[in-house]
Amino acid sequence: MGIEQTLLPSPEAWLSRRRPDDPVFFFCPVRLAQVTERFRRGFPGLVTYAVKANPAPEMLDGLVAAGIRAFDVASPAEMALVRAHCPDAVLHYHNPVRSEAEIDAGLAHGCVSWSVDRMRELEKLSRLPKGTEIAVRLKLPVTGAAYDFGAKFGAEPRLAQELLERVVEMGFVPSLTFHPGTQCRTPEPWARYIQAAAEIARAAGVTLHRLNVGGGFPSDRGEGHPDLDAIFRTIAETTRAAFDVPPRLVCEPGRGLCAEAFLLALRVKAVEDAAVFLNDGIYGGMAEWRDLGPMGRLRVVTPEGLPRGGAFRGRIVFGPTCDSLDRLPDPVALPEGIREDDFIVFEGMGAYSRALVTGFNGYGARRIIRMTTAC
Ligand SMILES: *Cc1c(COP(=O)(O)O)cnc(C)c1O
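Just so it is clear, the model here is predicted, and its values are computed rather than measured.

Asks: Can you walk me through the site of the ligand in this structure?
Replies: Around the ligand there are 15 residues in total, and K52, H179, T182, E252 and Y352 lie nearest to it. In this structure, G254 approaches the ligand through a main-chain N or O atom, which is 2.9 Å from an oxygen atom. Residue Y352 places a side-chain N or O atom 2.5 Å away from an oxygen atom belonging to the ligand. Out of a free accessible area of 390 Å², the ligand has 94% covered by protein chains.

As structure tokens, this is what we get:
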């Protein structure tokens, strides 16, 4: 992806001057620094970043500049990427299923924490140095997330207990980890998971070194500002109350850290009464909208960079490719007056957007514009 810096004061100013026909991301380091600061001040433990949510070089550099030094990585390529941007980074290898070659890579990159959720994968880690932290990944049936992360990874409480006992037997440092599911808008899932973690540790007779409370921290997708402080408070209070010896806390947000840092600007290719055609869709920056629904924080801008008025009304949105699946699942509310060649600027578009651009049919954002002012 190409990156270009602009001194212009707003995305609108850049769009009206350049009139791009391709979709472009705007990267806003000022917002990234603000959000990172919010996590670092508010979260009662170590803040790490889940790289998969947005591995853009400028994202990693921005996080390092804002003081993040620990990263959740899932593959050798992510390890190498993080090391290139932060040579002394602390790496947590939290993909619980690994090939032998991937274990070699994790060792070579000096990963300090490894997650597991099944016995066979734990046995494969027996060649790790004694004293390595192994975090057993727990899953519970949970509601409240946009979609369920326990569907693929995680050990149910009984197995989690057995894994924890075996971790200690093998001479490793025992921790627990979980992921409550992405875009969790209320604190309850964290409270339930932390209580379950305390019960499992107690049943196993193990004092946890650390408890990693995952990602899942919500971003604002148009339903209003999520109350991150309430989530942080619940995490701190539940941990204090549930454990005799409270473990140190770690979190690994992806979305929560990166969503606000990017805006996505699209161009309107065609307007019909019931539908609009845009220059990006589900094979590009809007890939996760199939699961999460459309992003509600948008503004429509004329080619001159002015706000496009009119009452909002739902229209079907088609992407640019020749695939009939390239259509957003729900109508998007757009101003009545929207015209061909207008731009739509979506805010809060840093998570699972740029990371999922496929280039299918020759489309997809290839440029990031770095804003020097707040945007
Ligand atoms: C994807 C992932 C995260 C980040 O999830 P968000 O919902 O984006 O915060 C954190 N931890 C693990 C293990 C993950 O796989």
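On we go.
Asks: Would you mind going over the pattern of salt bridges with me for this structure?
Replies: Any two side chains of opposite charge can pair, so long as their charged atoms come close to each other. Inspection of every chain in the model, using the stated rule, returns 28 salt bridges. When the shortest N-O distance is used, the salt bridge between D117 and R118 registers 2.8 Å. Accessibility expressed as a relative area gives 2% for D117, which makes it buried. Where R166 meets E123, a salt bridge forms, and the shortest distance between an N and an O atom there is 2.8 Å. With a gap of 43 residues between them, R166 in helix α7 (residues 157–169) and E123 in helix α6 (residues 119–124) connect regions that are remote in the sequence.

Asks: Is there a simple way to explain the domain arrangement of the protein in this structure?
Replies: Often the size quoted for an interface is simply the accessible area lost on bringing the parts together. One can read the domain layout of the protein as domain 1 (3–26 + 260–371) and domain 2 (49–252). A C-alpha centroid distance of 33 Å is found between domain 1 and domain 2. With 20 residues of domain 1 at the interface, the matching set in domain 2 holds 14 residues. Taking both sides of the interface into account, the surface hidden between domain 1 and domain 2 amounts to around 1,400 Å²; carbon and sulfur atoms contribute 55%. Taken as a group, L292, Y352 and R354 account for 37% of the area that domain 1 buries against domain 2, more than any other trio of residues on that side. Counting across the domain 1 and domain 2 interface gives 1 salt bridge. Across the salt bridge formed by D220 and R297, the nearest N and O atoms sit 3.9 Å from each other. At the boundary of domain 1 and domain 2, one finds 6 residue pairs in polar contact (both at pLDDT 80 or more). Mapped by element, the contributors of at least two residues to the side of domain 1 that touches domain 2 are α11 (289–292) and β17 (367–371). For the side of domain 1 that touches domain 2, the element with the highest residue contribution is α11, accounting for 3 residues.

Asks: Explain the nonpolar core here, please?
Replies: The tendency in soluble globular proteins is for nonpolar side chains to be buried as a group. If you look at the biggest cluster of nonpolar residues, it comprises 95 residues, and the most contacted ones within it are Y49, F71, V213 and F217. Each of domain 1 (3–26 + 260–371) and domain 2 (49–252) gives at least three residues to this core. Setting aside anything within four residues of it in sequence, one finds F71 in contact with T48, Y49, V51, L60, V64, V82, C86, A89, V90, L91 and H92. W14, V24, C28 and L263 belong to the second-largest nonpolar core, a separate cluster that totals 14 residues.

Asks: Looking at this structure, how should I read the environment of A56?
Replies: Note on placement: A56 falls in the loop between β3 (46–50) and α3 (57–65). A sequence separation of 55 residues divides A56 from M1, and the C-alpha atoms of the two residues are 8.5 Å apart.

Asks: When you look at the sheet that holds strand β5 (residues 90–93) in this model, what are you seeing that I'm missing?
Replies: Backbone hydrogen bonds hold the strands of a sheet together, and the pairing may be parallel or antiparallel. Ordered by their spatial adjacency, 8 strands build a closed barrel running β3-β4-β5-β6-β7-β8-β9-β10, and the pairing between neighbours is parallel. For this sheet, the mean angle separating the axes of adjacent strands, direction not counted, is 25 degrees. Sheet topology places strand β7 (residues 133–138) next to strand β8 (residues 173–178); 6 bridges connect them, and they run parallel. Looking at the pairing, R137 lines up with T177 of β8.

Thresholds applied
Residues numbered from 1 in each chain as written. Predicted model: local features only at pLDDT ≥ 70, side-chain atom pairs only at ≥ 80, totals over all residues. Heavy atoms only, no water. Near = heavy atom within 4 Å. Polar contact = N/O pair within 3.5 Å; in protein donor to acceptor, adjacent residues only side chain to side chain. Areas by Shrake-Rupley, 256 points an atom, 1.4 Å probe, with all protein chains shown as cover. Salt bridge = Lys/Arg side-chain N within 4 Å of Asp/Glu carboxyl O. Buried < 20%, exposed > 50% of the residue type's maximum accessible area, 1.4 Å probe, protein only. Helix = DSSP H or I, 4+ residues; strand = E, 2+ residues; numbered from the N terminus. Domains from an automatic or database assignment. Contact = heavy atoms within 4.5 Å. Buried area = accessible area lost by both parts, 1.4 Å probe. Core = buried A, V, L, I, M, F, W, Y, C linked by side-chain atoms within 4.5 Å. Pairing = 2+ DSSP bridges. Axes fitted to C-alpha atoms, helices over the stretch in contact; angles between N-to-C directions.

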